[in-house]
Amino acid sequence: MQEEAAMKHKTPEYPTWEIRDFRDLLDGMEQRYADNIAYLWRDPLAEDGIAARTYADMARDVKSLAAYLCAMGLEHKKIAVCGKNSYRWSISFLAIVCGCGVAVPLDREWSAAALTEFLTDAECDAILYEDDMRDKLSGITLDGLLKMPLSLADTYLSQGDALREAGSRSYENHTVDADALGVLVYTAGSPGISRGVMLSQHNLCADIMAVCSRFRIREDDRMLSHLPPHQVYQITTSMSALYCGASVAFNDSVRRMPSDLSLFRPTVMVT
């Protein structure tokens, strides 16, 4: 009887496919879901107010951005990414971990002093950032730090496209060590001093597979992504939706949450 009761309350397990690193994840998503919509966000210039990218579009953008970053001498380097919950943030993170180096997600709300401390501690060689952080970053003068505004993302992508069309194989030739340092995240510091947490890509990918083995997310689902993008919880849950072929819509402001719920009509939210 006890065994029967345990079986009744056992969480079902859903099928998963093996990934050890984000390169495996990107390749698998491109092959499995190429024509599905991967990302959506507000765009006043779009006919229905929504811009979208398919999985094939996303994979192409990630590879082009990775090629551009490698051409800037950043392969195997630590690169910070700091900005709003957005498509540009997401492809920046994926370009770094899939085809370039180590990602260092930072909180855009931190002070210039805190950002300086973490960029120094992580030994970052570059930072990808939103334009509204320009004044904050102008006071950060670290030797050799390359500051790359995300407002120029289209330029980076077009130059990366050109490099690949000209024969660059930097993305294909880049190797990912799934068990080495892949993502360096900093704790909020609420219990005390913030600390850098060293994670491998395998750490995060094992988490993604575990989530998707226990929670059913379908290809026709849509997740509203509204948590700060630098948080590991947000990275893992949004990537879990993509792992399952669903769509991720961006909410970059709590004030717009009601209207974004109406606009995107999500079927999944994580909070």
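Residues numbered from 1 in each chain as written. Predicted model: local features only at pLDDT ≥ 70, side-chain atom pairs only at ≥ 80, totals over all residues. Heavy atoms only, no water.

Draft legend 1. Just the pairing of strand β3 (residues 78–82), in detail. By the criterion of burial, β3 is predominantly enclosed, with four of the five residues buried. Here four bridges tie β3 to strand β4 (residues 102–105), and the two strands are oriented parallel to one another. Residue pairing for β4: I79 is matched across the bridge by A103. With respect to chirality, the unit in which β3 leads through helix α4 (residues 87–99) into the neighbouring parallel β4 is right-handed. (Buried < 20%, exposed > 50% of the residue type's maximum accessible area, 1.4 Å probe, protein only. Helix = DSSP H or I, 4+ residues; strand = E, 2+ residues; numbered from the N terminus. Pairing = 2+ DSSP bridges. Right-handed = clockwise from strand over helix to strand, strands pointing away.)

Draft legend 2. Geometry of the packing of aromatic side chains. Here the structure, examined in full by the defined rule, presents ten aromatic pairs. Plain terms: the ring middles of W17 and Y243 are 4.5 Å apart, the flat faces sit at 5° to each other, and that makes the pair stacked. Remark: Y243 occurs in helix α10 (residues 232–243) and W17 occurs in the loop between α1 (2–8) and α2 (22–33); sequence separation between them is 226 residues. An identical accessibility class is assigned to W17 and Y243; each is buried. Here the aromatic cluster, defined as three or more aromatic residues joined through ring pairs, consists of Y39, W41, Y87 and F250. Above the face of the Y171 ring, R23 is positioned so that its terminal group lies 3.9 Å from the ring centre. (Phe/Tyr/Trp six-rings, centres within 6.5 Å; stacked < 30°, edge-to-face > 60°. Lys NZ or Arg CZ within 6 Å of the ring centre and 35° of its normal.)

Draft legend 3. Up close: the sheet that holds strand β11 (residues 268–269). A sheet is described by the order of its strands in space; here five strands give the open sequence β2-β1-β10-β9-β11, paired in mixed fashion. Looking at strand neighbours, the two that pair on one side only are β2 (50–54) and β11, the edges of this open sheet. Sheet analysis places strand β1 (residues 37–42) next to strand β10 (residues 247–250), joined by two bridges and oriented parallel. Within β10, the position partnered with L40 by the bridge is A249.

Draft legend 4. How the structure looks around unusual backbone geometry. If you check the backbone angles, H76 has positive phi at about 65° while not being a glycine. For H76, a relative accessible area of 59% puts it in the exposed group. For E123, which is not a glycine, the phi torsion comes out positive at approximately 60°.

Draft legend 5. α4, seen in detail. When the terminal C-alpha atoms of α4 are compared, their 17 Å separation across 13 residues agrees well with the 18 Å that a helix rising 1.5 Å per residue should span. Buried within α4 are the following residues: Y87, W89, S90, I91, S92, F93, L94, A95, I96, V97, C98 and G99. (Expected span 1.5 Å × (residues − 1).)

Draft legend 6. Quick look at the packing of α2 against helix α9 (residues 201–214). Contact geometry of α2 with α9 gives a least axis separation of 9 Å together with a crossing angle of 45°. Here α2 is positioned oblique relative to α9, judged by the angle of their axes. Here α2 contributes F22, R23 and L25 to the contact with α9, which in turn contributes Q201, L204, C205 and I208. (Axes fitted to C-alpha atoms, helices over the stretch in contact; angles between N-to-C directions. Parallel < 35°, antiparallel > 145°, perpendicular 65-115°, else oblique. Contact = heavy atoms within 4.5 Å.)

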